[in-house]
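# Fold and geometry: a report
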Amino acid sequence: MVCVAAFIILCLVGVFVAFLSIFRRDIGRKYWAVFKKAWGCVGKKVRLQKCETNFKDDVKNSLLSKVVLKHPKWVKPLGVAIEVSAILIVFVTIWSLVETIKALLALWVFGTCNVSQPASCALGAEVCGIDSEEPTNPIEWTGRWFSEWGEIFANIPDRFRSWQAEDYLVEPYSFATKYHDGNPLALSIFDPGCTVCLQSYRNEKKSGFFDKYNTVLMVYPIQLPDGGYKFNNSDLIARYIHAADLLDTDYTAKIVDRLFTESNSDGVIWQSVLIQSDRADAEKILQSWLKDFGAEEVEIRKLAKSANSDEVSQIMAQIKEMVENKIHAKGIPTAIYDGKKHSGLYQTK
């Protein structure tokens, strides 16, 4: 293990030695001689052959030479420490390589390098992550580590399939704008409380995405492992949207547009107002919007009753199943159009 650890360390310092050898060629020659020995030893280890013991002894002797003269009794315990350190260096290096491969595969498959905590991945697209429950002990952590590998390999075929928006619709549903014959279908999945969804919607609207595609709005409030919701009142907004669809009104697109693009009299964006309000006040605001959109008191009461019905609960459960287990989304917003699944913030072109 000492020779393997030495090879790893020599690889890391090789860049600095290469720079120094420009000015001190003798340093480069000495380093290259040691590096060749380390490489030869590692090569033999790979071929399951015995490594030359003299290289291992050279490394240990060079590290212990000063200790032998001053503290000869320390030689044996320090020799053991060097062996243990070598094992740790090799283990950490192998672990790092495995984790790097895992992260890159997850990034390719899901658009995030962290399967369980998608939003924590700096390399992926900007998303509001659908997070998994944090493990509480080493057994759960180990189980999740292997299950993440399973998820990655199970979803690799998704990268090669053709995604069609009509295959993932949950009725009833509404479009972001009026339906236009001849335009291709798109599916836009969003959470009412997600700020990334707000920006993505604005980008889509500004870029003319809704004019190019008949875009179905699928509202999906991100649910936490404990049963609550990631954003306050996001489920309430979702319920009102589903109720509006059930009653076959044209309020859904108006609710979403006001939520993401308009502000109250104080200049605060409505999304922020709703997620910061208590549930009763948020519901009053939504009902005032319906009145602004032309709904009569009788219709508002009917819609409010429908929002709290089992039928709407079933629709939300169907969407949760669709988003998490069929579309395999790891973060919101997620969109399906042009035969592909797109994760994260929609970027204007």
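That block above? That's the structure.
This write-up is about the structure you can find in this document.

What counts, and at which threshold
Residues numbered from 1 in each chain as written. Predicted model: local features only at pLDDT ≥ 70, side-chain atom pairs only at ≥ 80, totals over all residues. Heavy atoms only, no water. Disulfide = S-S within 2.5 Å. Helix = DSSP H or I, 4+ residues; strand = E, 2+ residues; numbered from the N terminus. Buried < 20%, exposed > 50% of the residue type's maximum accessible area, 1.4 Å probe, protein only. Phe/Tyr/Trp six-rings, centres within 6.5 Å; stacked < 30°, edge-to-face > 60°. Pairing = 2+ DSSP bridges.

## Concerning the state of the cysteines
Working definition: the covalent bond between the sulfur atoms of two cysteines is a disulfide. Here the structure, examined in full by the defined rule, presents 1 disulfide. Sulfur-sulfur distance for the disulfide between Cys128 and Cys194 comes to 2.0 Å. The sign of the 90° torsion about the S-S bond sets the Cys128-Cys194 disulfide as right-handed. Here Cys128, found in strand β1 (residues 128-129), pairs with Cys194, found in the loop between β3 (185-190) and α6 (195-207); they are 66 residues apart in sequence, far enough to count as distant. Classification of Cys128 by relative accessible area gives buried; the value is 8%.

## Topic: helix α9 (residues 251-261)
Burial analysis of α9 places 9 of its 11 residues in the buried class, the great majority of the element. Those residues of α9 lying buried are Tyr251, Thr252, Ala253, Ile255, Val256, Asp257, Arg258, Leu259 and Phe260.

## Things to note about the packing of aromatic side chains
Inspection of the entire model under this criterion finds 17 aromatic pairs. Look at Tyr201 and Phe260: their rings are 5.5 Å apart centre to centre, the planes differ by 50°, and that puts the pair in the tilted class. With a gap of 59 residues between them, Tyr201 in helix α6 and Phe260 in helix α9 connect regions that are remote in the sequence. In this structure Tyr201 comes out as buried when scored by relative accessible area, which is 6%.

## Topic: the pairing of strand β7 (residues 340-343)
Of the strand pairs in this sheet, strand β6 (residues 334-337) and β7 are connected by 4 bridges, and their pairing is antiparallel. When the bridges of β7 are listed, Ala335 appears paired with His342. Linking β6 to β7, which pair antiparallel, is a turn of 2 residues; within it Asp338 sits at a positive phi near 55°.

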